[in-house]
Structure formats: structure tokens, C-alpha cells
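# Survey of secondary and tertiary structure
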Amino acid sequence: MAIGVLDSGWLDSARQCVSPYFNQRPEGEVSLLVVHNISLPAGCFGLPHIDGLFQGCLDINADDSFAELAGLQVSAHFLIRRDGEVVQYVSCDDRAWHAGVSSFNDRSGCNDFAIGIEMEGTDVSGYTDEQYQQLTLLTLALMAQYPMITLDNIVGHCDIAPGRKTDPGDSFDWPRYKQAILTATT
């Protein structure tokens, strides 16, 4: 089962929801995949607010918790919703603004060389079978397109911004995800 084809950094099977929050990668390198989680409001799923946040048009009056997000300029390359829908905001060839202050293998500024995938969820809510399936397929497509992304170069936001970030959280099943990738590539 395939997820689609990457063309100029865009996945043809993803719903495109283009973000203005990106710029050119300084070196053009893609060698890291970062798994995040997001829900807006926290713990609420299936709402349009994530798209609004990443597109710069979040209605900050829609929920009291959104006030702290006013003016925030963030994006990710992909979002995988609870039902398995894949949404793409930024071309993988461009730098999305998902990692913030970060470091991987003594190299700072992970946005420069990473692809960010948001999982609709929370640190404690767990993720759906559909999300793991789509994440695995997306990861395989990305690894085929960007061969510097290896199993060792797939991390959580918590790994590149320890003490600052905790996602994708204890509820994310790393062994299940990495075993699915390993099984598909051997």
C-alpha cells in the first residue's frame, strides 16, 4: 500500500493547505524527521483550528486558550489527523517553522534540515491505528525521496528540544512505529 508520490516536495495524495510560514532551506539538505503532536484546543480533535494556526488565520476568539497564539508564526510540513487524513502545509524542499530552538547530534537549528510531521493528539491521549499506518507510509515515502533520513534520524520534538518540549509524548508507540518501518524496508 502506498501513500502517494512526492513531486517538488509535495505529496500528491495529501490535502494541501499552504502555509505562509516557511522559507528556503539554507543548505537544501533534508536529513531528519521530527514527530510532533498538536490539538487545538488542547485535547480536542477534528476541528479546523490547526489549519488556521498554520495558515496564519486562526480565530483567536474561538477559544480562550488561543489568546497566547496571537501572532505566532509556525508551521509543519504535514499533519496526520485522527482519521488518517494527511494534510501538507509546506513543501518538504522548504524549511517549515516547527522545531524552534533545537539541536540534533550537536547541530542546532533543526528546521534547516528536518521535516516536521504533526500527529493530531496529545502526550497522553494515544494515537489511532490510522495515524500509525499513514505515518509509516509517509515516512517510507520520505525516506525514499530523502535517503539521509534513516531510522536513527527519526526523533520526537522532545528529543531535539529537551526540557522545552515533550511531544509526541509517552502515549506515542515508538517501538510499533519503528518496527513497521523496519519491516517494510527489509
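Residues numbered from 1 in each chain as written. Predicted model: local features only at pLDDT ≥ 70, side-chain atom pairs only at ≥ 80, totals over all residues. Heavy atoms only, no water.

### Quick look at helix α2 (residues 129-145)
Owing to its 3.6 residues per turn, the α-helix brings residues three or four apart onto one side. When the terminal C-alpha atoms of α2 are compared, their 25 Å separation across 17 residues agrees well with the 24 Å that a helix rising 1.5 Å per residue should span. Those residues of α2 that sit buried are Q131, Y132, Q134, L135, T136, L137, L138, T139, A141, L142 and M143. (Helix = DSSP H or I, 4+ residues; strand = E, 2+ residues; numbered from the N terminus. Expected span 1.5 Å × (residues − 1). Buried < 20%, exposed > 50% of the residue type's maximum accessible area, 1.4 Å probe, protein only.)

### Remarks on the pairing of strand β5 (residues 32-38)
The side chains of a regular strand alternate, residue by residue, between the two faces of the sheet. Burial analysis of β5 places seven of its seven residues in the buried class, the great majority of the element. The alternating pattern of β5 places L32, V34, H36 and I38 on one face and L33, V35 and N37 on the opposite face, and all of these are buried. When β5 meets strand β11 (residues 114-120), the two strands line up parallel, connected through seven bridges. Bridging across to β11, L32 finds its partner in A114. Relative to strand β12 (residues 154-156), β5 runs parallel, the two being bridged by three bridges. By the bridge assignment, L33 is partnered in β12 with I154. (Pairing = 2+ DSSP bridges.)

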